[in-house]
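Working through the structure, step by step
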Amino acid sequence: MHKRLKSLAAAGGCAVLAGWGLFLPSAAAQMDSVPDEQMDIQAWLGARGPERADLDLIDSQPFTVGTDMRLRFRVHNPTDQPLEDLQVTSRRGDSVADAAEARTEMATGDFPYYGSGMTTAPLQPGETREISFTVPSGLDAERTLAINEPGAYPLLFTLTGTLEGDAVSLAEERFVAQFSGEEPTGVAAAATPEEAVPEEEHDEAEEPQPHDLTVVYPISANLDILPGGLGGEELILSSDELGHELREGGRLDTLVSTYEDHDLQGAGCVAIDPALLDTVNRMSQGYTVNSTRPAQGDRPKRLRDSWSRSSDDDKGEPGEAKNDAERWLERLRELDCFIAMPWANANASAVARANNPALLFEGLQRGNQTIERILGKAPASNILAVGSGYIDQKLPVPSLVADNSNWSGEAATFDASLGALLSQTGSKPQTVGYSNPELRYDYSKDSALSRAITGGAALSLAGGEDTVAKLPNYLDPSAAEHALAAAEDLLDSGHSRPRGISTVELKQGDPNAPTGSPFIDPAVFSEPELARVEQQARYTDELMNIVVDDPDITMTRSEFVLPLRRDLLNSLSLNNRDSLGTHAAARESFSRTMEMHSNTLRDLRDSVSLIPPGNVYTRVSESSPLLIVAENGLPLPVEAKLQYDAPDGARLNTPKSVRIPAKGSITVSMTADMPKDADRTDIGLWLATPKDQTISQPITISVQTRAGIVTLYAAGIAGALVLVLATLFRLGRHRRKNHKAEK
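This one's a predicted model, so the numbers in the text were calculated from it and none came from an experiment.

As for the overall build of the chain
Within the chain one finds 20 helices and 27 strands. A buried classification covers 51% of the 743 residues belonging to the chain. Restricting to contacts in the chain with at least 6 residues of sequence separation, those with at least 24 account for 77%. By element, 49% of the accessible surface of the chain is carried by carbon and sulfur atoms, the whole surface being about 34,300 Å².

Things to note about the state of the cysteines
Simply put, disulfide is the name for a covalent bond between the sulfur atoms of two cysteines. Tallied over the full model, the rule gives one disulfide. Shown here is the disulfide that connects Cys-269 with Cys-337, its sulfur atoms set 2.0 Å apart. Disulfide Cys-269 to Cys-337: torsion about the S-S bond roughly -80°, handedness left-handed. Pair noted here: Cys-269 is in strand S10 (residues 268–272) and Cys-337 is in the loop between helix H10 (322–332) and strand S13 (338–340), with a separation of 68 residues, a long-range link. Looking at Cys-269, the relative accessible area reads 1%, which means it is buried. You can call Cys-337 buried: its relative accessible area is 10%.

A word on the pattern of salt bridges
For the structure on display, the rule yields 29 salt bridges. One salt bridge connects Arg-74 with Glu-130, and the closest N-O pair in it is separated by 3.9 Å. Here Arg-74 is found in strand S2 (residues 69–76), whereas its partner Glu-130 is found in strand S5 (residues 128–135), with 56 residues between them in sequence. Looking at Glu-130, the relative accessible area reads 40%, which means it is partly exposed. The shortest N-O distance in the salt bridge between Glu-233 and Arg-293 comes to 3.5 Å. Here Glu-233, found in the loop between strand S8 (211–219) and strand S9 (236–237), pairs with Arg-293, found in the loop between strand S11 (288–289) and helix H9 (303–308); they are 60 residues apart in sequence, far enough to count as distant.

Topic: the sheet that holds S2
Pairing within the open sheet is antiparallel, and its three strands lie in the order S1-S2-S5. Edge positions in the sheet fall to strand S1 (54–60) and S5, since each has one partner strand and no second. Within this sheet the neighbouring strands show an average axis-to-axis angle of 30°, counted without direction. In terms of strand pairing, S2 meets S5 through eight bridges, oriented antiparallel. Counterpart to Leu-71 in the pairing with S5 is Phe-133.

Quick word on the pairing of S2
Looking along a regular strand, one sees side chains alternate from face to face of the sheet. Where burial is concerned, the two faces of S2 differ: the one with Met-69, Leu-71, Phe-73 and Val-75 is buried and the one with Arg-70, Arg-72, Arg-74 and His-76 is not. Pairing of S1 with S2 involves six bridges; the strand directions are antiparallel. Residue pairing across strands places Asp-56 opposite Arg-74, the latter belonging to S2.

Some words on the nonpolar core
Counting 95 residues, the largest nonpolar core has Tyr-217, Ile-272, Leu-276 and Trp-328 as its most contacted members. In terms of residue count, the dominant contributor to this core is helix H16 (residues 477–493) (eight residues). In this view, Leu-276 contacts Ile-219, Ser-220, Ala-221, Leu-223, Leu-242, Leu-252 and Trp-328; residues no more than four positions away in its chain are not counted. If you look at the next biggest cluster of nonpolar residues, it comprises 36 residues, including Met-555, Leu-610, Ile-699 and Ile-701.

Let's talk about the sheet that holds strand S14 (residues 399–402)
Strands pair in a sheet through their backbones, by hydrogen bonds, and they do so in one of two ways: parallel or antiparallel. Here we have three strands laid out as an open sheet, ordered S14-S15-S18, and mixed in their pairing. The sheet is open, and its two borders are formed by S14 and strand S18 (507–508), each paired with just one other strand. Summarising the sheet, S14 and strand S15 (residues 410–414) pair through four bridges and their orientation is parallel. Residue Leu-400 lies in a different strand from S15, and its bridge partner there is Ala-412.

What to know about helix H12 (residues 357–364)
Listed as buried for H12 are Leu-359, Glu-362, Gly-363 and Leu-364. Where H12 is buried, its residues contact helix H11 (348–353), helix H13 (366–375), helix H17 (527–546) and helix H18 (557–571).

Let's talk about a negative patch on the surface
A cluster of like negative charges, contributed by Asp-98, Asp-403, Glu-465 and Asp-466, occupies part of the molecular surface. Note on placement: Asp-98 falls in the loop between strand S3 (83–92) and helix H4 (99–108).

Quick notes on the packing of H17 against helix H19 (residues 583–606)
In contact at an axis separation of 11 Å, H17 and H19 are set at 25° when each is read in the N-to-C sense. Here H17 lies roughly parallel to H19, going by the angle between them. Two packed elements cross with a definite hand, and for H17 against H19 that hand is left-handed. Counted together, Glu-529, Arg-532, Val-533, Gln-536, Tyr-539, Thr-540, Glu-542, Leu-543 and Ile-546 of H17 and Phe-590, Ser-591, Met-594, Glu-595, His-597, Ser-598, Leu-601, Leu-604 and Arg-605 of H19 form the full contact between these two elements. Of the residues in the contact of H17 with H19, the class split is eight nonpolar, five polar and five charged.

So, the environment of Phe-63
Inspection of the secondary structure assignment puts Phe-63 in the loop between S1 and S2. Judged by relative accessible area, Phe-63 falls into the buried class, the value being 10%.

Section: the packing of helix H14 (residues 416–423) against helix H15 (residues 448–460)
Between H14 and H15, the shortest axis-to-axis distance is 8 Å and the interhelical angle comes to 160°. By the angle class used here, H14 and H15 are roughly antiparallel. With respect to the hand of their crossing, H14 and H15 are arranged in left-handed fashion. Across the interface between the two elements, Leu-418, Leu-421 and Leu-422 from H14 touch Thr-454, Gly-455, Ala-458 and Leu-459 from H15. Classifying every residue of the contact of H14 with H15 by side-chain character gives five nonpolar, two polar and no charged.

Topic: the packing of aromatic side chains
Enumeration according to the criterion identifies 10 aromatic pairs in this entry. When the ring of Phe-157 is compared with that of Phe-175, the centres are 5.9 Å apart and the planes differ by 15°; the resulting orientation is stacked. Residue Phe-157 is located in strand S6 (residues 151–163), and its partner Phe-175 is located in strand S7 (residues 166–179); the two are separated by 18 residues in the primary sequence. In textbook terms, an aromatic cluster arises when at least three aromatic residues are bridged by ring pairs, as seen for Phe-63, Phe-73, Phe-133, Tyr-153, Phe-157, Phe-175 and Phe-179. One Lys or Arg, Arg-251, reaches over the ring of Tyr-474 and ends 4.1 Å from the middle of that ring. Sitting above the plane of the Phe-414 ring, Lys-470 keeps its charged end 6.0 Å from the centroid.

Focus: the confidence of the model for the chain
The predicted model of the chain has a mean per-residue pLDDT of 86, with 82% of residues at 70 or higher. Confidence drops under pLDDT 50 across residues 183–203; counting only partners more than four residues distant or on other chains, this segment forms 11 contacts.

A few points about the pairing of strand S21 (residues 626–632)
Within S21, five of the seven residues are buried, leaving the element largely enclosed by the surrounding structure. Inspection of the sheet shows strand S19 (residues 608–611) paired to S21 by four bridges, in the antiparallel sense. Residue Leu-610 lies in a different strand from S21, and its bridge partner there is Ala-630. One ladder, built from seven bridges, connects S21 with strand S25 (residues 664–673); its direction is antiparallel. Note that in S25 the partner of Leu-626 across the bridge is Met-670.

Conventions we followed
- Residues numbered from 1 in each chain as written.
- Predicted model: local features only at pLDDT ≥ 70, side-chain atom pairs only at ≥ 80, totals over all residues.
- Heavy atoms only, no water.
- Helix = DSSP H or I, 4+ residues; strand = E, 2+ residues; numbered from the N terminus.
- Buried < 20%, exposed > 50% of the residue type's maximum accessible area, 1.4 Å probe, protein only.
- Contact = heavy atoms within 4.5 Å.
- Areas by Shrake-Rupley, 256 points an atom, 1.4 Å probe, with all protein chains shown as cover.
- Disulfide = S-S within 2.5 Å.
- Salt bridge = Lys/Arg side-chain N within 4 Å of Asp/Glu carboxyl O.
- Pairing = 2+ DSSP bridges.
- Axes fitted to C-alpha atoms, helices over the stretch in contact; angles between N-to-C directions.
- Core = buried A, V, L, I, M, F, W, Y, C linked by side-chain atoms within 4.5 Å.
- Patch = residues over 30% accessible without salt bridge, like charges linked within 9 Å, V, L, I, M, F, W, Y side chains within 5 Å.
- Lys, Arg positive; Asp, Glu negative; His and termini not counted.
- Charge placed at Lys NZ, Arg CZ, Asp CG, Glu CD.
- Parallel < 35°, antiparallel > 145°, perpendicular 65-115°, else oblique.
- Left-handed = near helix turned anticlockwise from the far one by under 90°.
- Nonpolar A, V, L, I, M, F, W, Y, C, P; charged D, E, K, R; others polar.
- Phe/Tyr/Trp six-rings, centres within 6.5 Å; stacked < 30°, edge-to-face > 60°.
- Lys NZ or Arg CZ within 6 Å of the ring centre and 35° of its normal.
- pLDDT = per-residue confidence, 0-100.

Rendered as structure tokens:
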């Protein structure tokens, strides 16, 4: 059956792609216009064509064999024409045995068995309505779906009607529902009573042993940290959305409650985003919400400037979730198990490809230290829960990757089909790079509830083999509830036994095969994007090398640039980027963050400069000093030396090094050896690191020599004599004219 469905998926994928070119959903239409746009669309959409209306499941009762399904849907008409003769029809497919079959049915299933239908009134343009639908499933009912055995069944509900007089299919809703039965199922049902087993077959009829189950439960969020911060500065968020998620009933608060409410008997482990931990910890100490950040490297203002230029309007608003952040961290400290995600859910392979050791450490290794520093407990394992689900670079720590991928070094693996199906859940359904493109589609076609039900049903099928179930790195509470309920049922029923993340086997990748995913990843970072990150990371290192540590200043130079490195990691986050509906916005956010990062670096470097007291130095003697002011707007001292560019024969005697104090300036004195036959010499001068790395913009100073002074004085005297003689000559003529007039 699986081979048949896969062939159908391939055929369906080819047919659907042609249709997408005529009717792209709004999410796909928003994608950036780039030369490889058609390839991008094919990477996102391989099955299930467009829909003209919306049919969303919003409520359901537990699914039980022989009991009517009681469902509630929301229907919506987004067109500018009325929808008439509306009918909702129920269908189902054969039960599925595993997550791979479930995912195939969601993308390309036939659903050959028809059940009951219902009609509803016409929908006017823009109108939305909720409808209740009771669907018989028992064998004794008419127009029933005829489900007489427990199992996971693919269900399809279609909305048909007429649009502008034509009969059309308007929308559909698909999900896989786990039907339970009154009699024991699975392992319990498979065990034949001892008295019914022939004596000679007794040894072969022993009860099968339960399989291991591990559940990885990620917690991450969009952080909205305003780029451009420096070490020692207050936390500034561009919005207080994170604060809303931390409040009682918010997404992050509910995720912790959901994990607390399910006893996974040691099988569960929270994969926490260390960037989220660090940000919430800073929020608990107070933070600001603002759309702008004060300019970096500003020179100190004069008192009179502070009178005329008020910055009160630029200070932003105090964040309101300080207490909620503290409470959330306290609840988190009570949980039983943690492992780390990459910082800010960054793409781990992209971080490695930036070729920057400091960025690699902050992105992939800092997390364990952050967990221990803030939560007070060591991670259960050093396995890294990468959001992409695969890696194509060798990483300094073992990763958790899909079992259909290949990797370099050591890794633990999870069920790829189950992981792909679980990733389709939530408000930001993710198109993971390790999933088969033939089975990809716009997952938001099905409601969040339908996808959560499907995820729970798929996880309930995991009892047949040892399983690591990895939930999506951006997780929603509804999907979490259905998944953990299914896992808890497997453990309570004895179908599965708990296995802690610390005992999951690490495996070596195949050194003879290419690393990474076997399929195209639509969320992958492009070569130009990675080159930009690599360049900005290098510039950040250069900025750090400009300043030096000072025993009187608690902040180190590494801490000074740390927020800038984390801005780069935030730009590599997979949050929003791996979801079709938010991918275009994520790419724009990347460009915006990189531009702000570049501007910040430029402003910081420009704050270290040379300021000559005047345009021309006139030396009375060869030993007369030249004075230059070196200014530093950075919060740490700058250790530099003066470099210059002068004509042949000119030489500056500069000090070996210049230490410019933090947020201050220093006057540098030096002497010069100038050519004796030159009246004036122009010299270019700039600051550089001890390793000859340019710091400041060059300035030009002009040095006037003694010969130039003598020449200037002589010219001045001659000019003055000419002026006096001309004046006397004119005065004499005037007197002679007056004398003649008197006569």
